[in-house]
Amino acid sequence: MKNPENAFKRELTSGKRQFGLWAALADAYVIEILATSGFDWLLIDNEHAPNDVRSTLGQLQAIAPYDISPVVRPVTADAALIKQFLDIGAQTLLLPMIDTEAQAKAAVAATRYPPHGIRGVGSALARASRWNKVDGYLGGAADEICVLVQVETVTGLANLSAIAKVEGVDGVFFGPSDLSASMGLLGKPGDDKVRQAICSGIREVLAAGKAAGVLAPDRAIAQEYIDAGATFIAVGTDVGLLNAGATQLAAAWKGTTTTQNRERGGY
């Protein structure tokens, strides 16, 4: 048996732009519906959604039959959590709050088996290796693992060049909401200063030969980031789609107006 190819990693390497959707409803049935929607990738969120390792497993299994790539975001870039998500079959990880070169190196090390890293060896118990039925899994696992680090503070931006150059980091993702807060612009992820910082960051990441990503539910702002060269872009969230659709439908039938308590460029 062969290790499943990480199509998302291959596309990023080729430079082909990938459009994704944030999945935060933490439900396998919902994410299977999303898997048929035509996006290139889906983000299974554990940082700001009520997910855990077990619910993430169910969603990975629900997505598996479809031509779409899952990306898993742990609640933190903790080596023990990274190990668990890799063992249940996640091949692409988005690791939050990476501020320094050392943190980026530690994140990569957590995805590699010794002697190249510190990932614990438990492949006989793991879905990732299909319970040791994948030929040469231990030696080839890293080839199909995609490590994306999230830069979302002014400290991270200051260290961006060094972070992007870390061997094993495949891409850098910018989080506008946390970045705006770090810049003293809480609740204003679409502010001119935030957008300019992200556009500059995208170009810096590309110059290091890595993929650059961002979350941009606002179409006009997303286009700014695309024009700056963003390689993978999340253009919406399942929560946002459901919330907006249900609110608008109710308003249409009740003859009321709708309001959204959301800053431009945020969730």
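These remarks concern the structure in this document. (Residues numbered from 1 in each chain as written. Predicted model: local features only at pLDDT ≥ 70, side-chain atom pairs only at ≥ 80, totals over all residues. Heavy atoms only, no water.)

In this section: the packing of helix α10 (residues 192-207) against helix α11 (residues 219-228). Two elements in contact, α10 and α11, have axes separated by 9 Å at closest approach and are oriented at 30°. Judged on the interaxial angle alone, α11 and α10 are roughly parallel. When you trace α10 past α11, the crossing you get is right-handed. Mapping the contact onto sequence places R195, I198, C199, I202, R203 and L206 in α10 and I221, E224, Y225 and A228 in α11. Looking at side-chain class alone, the contact of α10 with α11 contains 7 nonpolar, no polar and 3 charged residues. (Axes fitted to C-alpha atoms, helices over the stretch in contact; angles between N-to-C directions. Helix = DSSP H or I, 4+ residues; strand = E, 2+ residues; numbered from the N terminus. Parallel < 35°, antiparallel > 145°, perpendicular 65-115°, else oblique. Left-handed = near helix turned anticlockwise from the far one by under 90°. Contact = heavy atoms within 4.5 Å. Nonpolar A, V, L, I, M, F, W, Y, C, P; charged D, E, K, R; others polar.)

In this structure, T153 sits in the loop between β5 (146-151) and α7 (154-158). The buried category is assigned to T153, whose relative accessible area is 12%. One polar contact links T153 to D99, side chain to side chain, over a distance of 2.5 Å. Excluding residues that lie within four positions of it along the chain, T153 makes contacts with M97, D99, L179 and S182. (Buried < 20%, exposed > 50% of the residue type's maximum accessible area, 1.4 Å probe, protein only. Polar contact = N/O pair within 3.5 Å; in protein donor to acceptor, adjacent residues only side chain to side chain.)

Once that is clear, we can look at α11. Every buried residue of α11 is accounted for by I221, A222, Y225, I226 and A228. End-on, the buried residues of α11 take up no more than an arc of 160°, which puts them together on one face. Projecting away from the buried face of α11 at angles above 90 degrees are the exposed residues R219 and D227. Where α11 is buried, its residues contact β1 (18-23), α10, β7 (211-215) and β8 (232-237). The backbone nitrogen of A220 has a side-chain oxygen 3.1 Å away, supplied by the residue at the start of α11, namely D218. Positive backbone phi, approximately 115°, marks G229, located one or two places after α11. (Arc of directions from axis to C-beta.)

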